[in-house]
Amino acid sequence: QVQLVESGGGLVQAGGSLRLSCAASGRTLSTYVMGWFRQAPGKSREFVARITWSGGNTYYVDSVKGRFTISRDNAKNTVYLQMNSLKPEDTAVYYCATGRGSFAEIRNPMDVGFWGQGTQVTVSS
């Protein structure tokens, strides 16, 4: 079993920055693709970004490209999401996620093996 614990959410003004962290325990995830999703009120959960096991390949949804950066530290079993130039439309609960197995891709919620509990990000205008 895998436990994922997110932190770093909060309230920020538009144009500001936040850094989310996701600490994993229960299993070494160095061969797992890791990702971030978000869910705004009244909307379905959507993919935000993912990073391969080596950290050498990243992928982002178009709406966050150039503003968000996903990274990982396998020695710490931790993945990060640096969010810059935040917009009110980025307001959502952000969830950390793993693939269903080693090297398994993440692009949508159906690809996720484990979820974190979520952290709220609120961007005021």
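Look up a bit, the structure's there.
This is a predicted model, so every value here is computed, not measured.

## Quick notes on the pattern of salt bridges
Pairs can form between side chains of opposite charge once their charged atoms are near each other.
Right, on to step 1. One pass over the full model with this rule turns up six salt bridges.
Right, on to step 2. Between Arg67 and Asp90 there is a salt bridge, with its nearest N and O atoms 2.8 Å apart. Residue Arg67 is found in the loop between β6 (58-60) and β7 (68-73), and its partner Asp90 is found in the loop between β8 (78-83) and β9 (92-99); the two are separated by 23 residues along the sequence. Neither residue differs from the other here; Arg67 and Asp90 are each classed as buried.
Right, on to step 3. One network of salt bridges, in which partners are shared, links Arg38, Glu46, Arg67 and Asp90.

## Focus on empty space enclosed by the protein
Rolled over the atoms, a probe as big as a water molecule pinpoints where empty space is left.
Right, on to step 1. All chains considered together, the criterion is met by one cavity of 30 Å³ or more.
Right, on to step 2. For the largest cavity, the calculated volume is near 40 Å³.
Right, on to step 3. Along its surface, the largest cavity is lined by Leu29, Met34, Arg72, Asp73, Asn74, Asn77, Thr78 and Val79.
Right, on to step 4. Counting only elements with at least two residues in the lining of the largest cavity, the list comes to β7 and β8.

## Regarding the side chain of Asp90
Right, on to step 1. On the accessibility criterion, Asp90 (0% relative accessible area) is buried.
Right, on to step 2. A distance of 3.0 Å separates polar atoms of two side chains, one belonging to Asp90 and the other to Arg38.
Right, on to step 3. Residue contacts for Asp90: discarding those within four places in its chain leaves Arg38, Arg67, Phe68, Ser85, Val121 and Val123.

## Observations concerning the state of the cysteines
Right, on to step 1. Counting across every chain of the model gives one disulfide.
Right, on to step 2. Between the sulfur of Cys22 and that of Cys96 lies a disulfide, 2.1 Å long from S to S. Disulfide Cys22 to Cys96: torsion about the S-S bond roughly -80 degrees, handedness left-handed. Of the two residues, Cys22 is situated in strand β3 (residues 18-25) and Cys96 in strand β9; the sequence distance between them amounts to 74 residues. Note on accessibility: Cys22 and Cys96 belong to one class, buried.

## What about the packing of aromatic side chains?
Right, on to step 1. Evaluation of the coordinates by the stated rule reveals five aromatic pairs.
Right, on to step 2. Ring centres of Phe37 and Trp115 lie 5.0 Å apart, and the angle between their planes is 70 degrees; on these two criteria the pair is classed as edge-to-face. Placement of Phe37 in strand β4 (residues 34-39) and of Trp115 in strand β10 (residues 112-115) is noted, with a sequence separation of 78 residues between them.
Right, on to step 3. Assessed through its relative accessible area of 30%, Trp115 is described here as partly exposed.
Right, on to step 4. It is Arg45 that lies over the ring of Trp115; its NZ or CZ is 4.5 Å from the centre.

## Re the pairing of strand β1 (residues 3-7)
On a regular strand, one side chain projects to one face of the sheet and the next to the other, so that they alternate.
Right, on to step 1. Alternating residues of β1 divide into Leu4 and Glu6, all buried, and Gln3, Val5 and Ser7, none buried.
Right, on to step 2. In this sheet, β3 lies alongside β1 in antiparallel orientation, the contact comprising five bridges. When the bridges of β3 are listed, Gln3 appears paired with Ser25.

Cut-off values and rules
Counting restarts for each chain: residues are numbered from 1 in the order of the written sequence. With the structure being a predicted model, the display of local features is reserved for residues of pLDDT at least 70 and the display and counting of side-chain atom pairs for 80 or more, all residues being used for whole-chain, interface and lining totals. The side-chain values count all of the structure's non-hydrogen atoms but skip hydrogen atoms and water molecules. Here a salt bridge means any side-chain nitrogen of Lys or Arg lying within 4 Å of a carboxyl oxygen belonging to Asp or Glu. Per the convention used, a helix needs a DSSP run of H or I reaching at least four residues, while a strand needs a run of E reaching at least two, with both numbered from the N terminus. Under the scheme applied here, a residue whose accessible area is under 20% of the maximum for its type counts as buried, over 50% as exposed, and between as partly exposed, the area being computed with a 1.4 Å probe on protein chains only. A pocket here means an open set of points on a 1 Å grid, computed over the protein atoms alone, that has protein on both sides within 12 Å along at least five of seven lines. A cavity is instead a set of points where a 1.4 Å probe fits but cannot get out; residues with an atom within 4 Å of a point line either one. Grid points are joined across faces, edges and corners, and a volume is the space filled by probe spheres set on the points. Polar contact is the term for a pair of N or O atoms within 3.5 Å; when the atoms are in protein, one must be able to donate a hydrogen and the other to accept it, and sequence-neighboring residues count only if both atoms are side-chain atoms. Any two residues having at least one pair of non-hydrogen atoms within 4.5 Å are treated as being in contact. A pair of cysteine sulfur atoms is labelled a disulfide when the two atoms are within 2.5 Å. Here the aromatic set is Phe, Tyr and Trp, taking the six-membered ring for Trp, and pairing holds for ring centres within 6.5 Å; pairs whose planes are under 30 degrees apart are stacked, those over 60 apart are edge-to-face, and all others are tilted. Think of it as a cone above the ring: NZ of Lys or CZ of Arg counts as a charge over the ring if it is within 6 Å of the ring centre and within 35 degrees of the ring normal. Any two strands between which DSSP finds at least two bridges are classified as paired.

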